[in-house]
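Below, each chain spelled out in residue letters.
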Amino acid sequence: RWLDDGDNSLSIIMWVLLVLHFTISLCGLCHLLLVPEREYKLWKLSKVPLSARAVRYFFWLCVFIVKFLLALIIIDAVDGAIEGLDIARIGHQTHSQVLEVYLSTNLW
C-alpha cells in the first residue's frame, strides 16, 4: 500500500517491475507479429517487397498507436470521474475500512 503516506511516487521495486512487464510485453508483441506459429503457417510464405512490408508494419504500428491513445483517453476520463465523484482510490483504504463501509447501512 504505497499510497498511504500520500506520496504518489513509485518505489524502485515498482519501476523495476514496470520495466520488466514492458519488456516482456514488447517481446511477446514482436514474437506474435514477426514469427508465425506452426499451426497457422499453412503454406510457404511468399516473397514480399521490402516497401510493401514496411507499409504493412507502419499500418499496424499506427493501429496500435491509436489503440494506445484511446486507452489513455479512457483512463483519463475514468480518473477524472473518480476525482470528480470523490471516490477513494485503490490502495488508499485498508481492507477493514472497505469492509466497514461495505457492511454498514449508513450511506454517508
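Residues numbered from 1 in each chain as written. Predicted model: local features only at pLDDT ≥ 70, side-chain atom pairs only at ≥ 80, totals over all residues. Heavy atoms only, no water.

### Regarding the overall build of the protein chain
Across its full length, the protein chain holds 3 helices and 0 strands. Seen in sequence order, the protein chain has helices and strands lined up from the N terminus as α-α-α. Out of the 108 residues belonging to the protein chain, those deemed buried represent 1%. Surface accessibility of the protein chain: about 10400 Å² in total, with carbon and sulfur atoms responsible for 71%. (Helix = DSSP H or I, 4+ residues; strand = E, 2+ residues; numbered from the N terminus. Buried < 20%, exposed > 50% of the residue type's maximum accessible area, 1.4 Å probe, protein only. Areas by Shrake-Rupley, 256 points an atom, 1.4 Å probe, with all protein chains shown as cover.)

### Remarks on the layout of surface pockets
Of the volumes computed, that of the largest pocket is approximately 430 Å³. Around the largest pocket sit 13 residues that line it, and P36, L45, R53, R56 and Y57 are the ones nearest its centre. Elements that contribute at least two residues to the lining of the largest pocket include exactly α1 (12-34) and α2 (50-85). Considering only residue class, the lining of the largest pocket consists of 8 nonpolar, 1 polar and 4 charged. (1 Å grid on protein atoms, 1.4 Å probe; cavity = no way out; pocket = protein on both sides within 12 Å on 5 of 7 lines; lining within 4 Å. Points joined across faces, edges and corners; volume = space filled by probe spheres on them. Nonpolar A, V, L, I, M, F, W, Y, C, P; charged D, E, K, R; others polar.)

### Concerning the packing of aromatic side chains
Under the criterion given, the structure shown has 1 aromatic pair. Summarising the aromatic geometry, the rings of F59 and W60 are spaced 5.1 Å apart at their centres and angled 75° between planes, so their arrangement reads as edge-to-face. On the basis of relative accessible area, W60 is assigned to the partly exposed category, the value being 42%. (Phe/Tyr/Trp six-rings, centres within 6.5 Å; stacked < 30°, edge-to-face > 60°.)

### Thoughts on a nonpolar patch on the surface
Residues F22, L26, L29, L33, L34, V35, Y57, F59, W60 and F64 make up a contiguous nonpolar surface patch of about 950 Å² in total accessible area. Secondary structure elements with two or more residues in the nonpolar patch: α1 and α2. Broken down by element, the nonpolar patch gets its largest block of residues, 5 residues, from α1. The topology assignment puts Y57 in helix α2. On the basis of relative accessible area, Y57 is assigned to the partly exposed category, the value being 37%. (Patch = residues over 30% accessible without salt bridge, like charges linked within 9 Å, V, L, I, M, F, W, Y side chains within 5 Å. Salt bridge = Lys/Arg side-chain N within 4 Å of Asp/Glu carboxyl O.)

### Details of the confidence of the model for the protein chain
For the protein chain, the average pLDDT comes to 81, and 85% of its residues sit at 70 or higher. Within the protein chain, helix α3 (residues 95-103) has the poorest average pLDDT of any element, 79, and α2 the best, 92. (pLDDT = per-residue confidence, 0-100.)

### Focus: a positive patch on the surface
Among the surface-exposed residues, K44, K47, R53 and R56 lie close enough to one another that they form a single positively charged patch. On the secondary structure map, K47 appears in the loop between α1 and α2. On the accessibility criterion, K47 (82% relative accessible area) is exposed. (Lys, Arg positive; Asp, Glu negative; His and termini not counted. Charge placed at Lys NZ, Arg CZ, Asp CG, Glu CD.)

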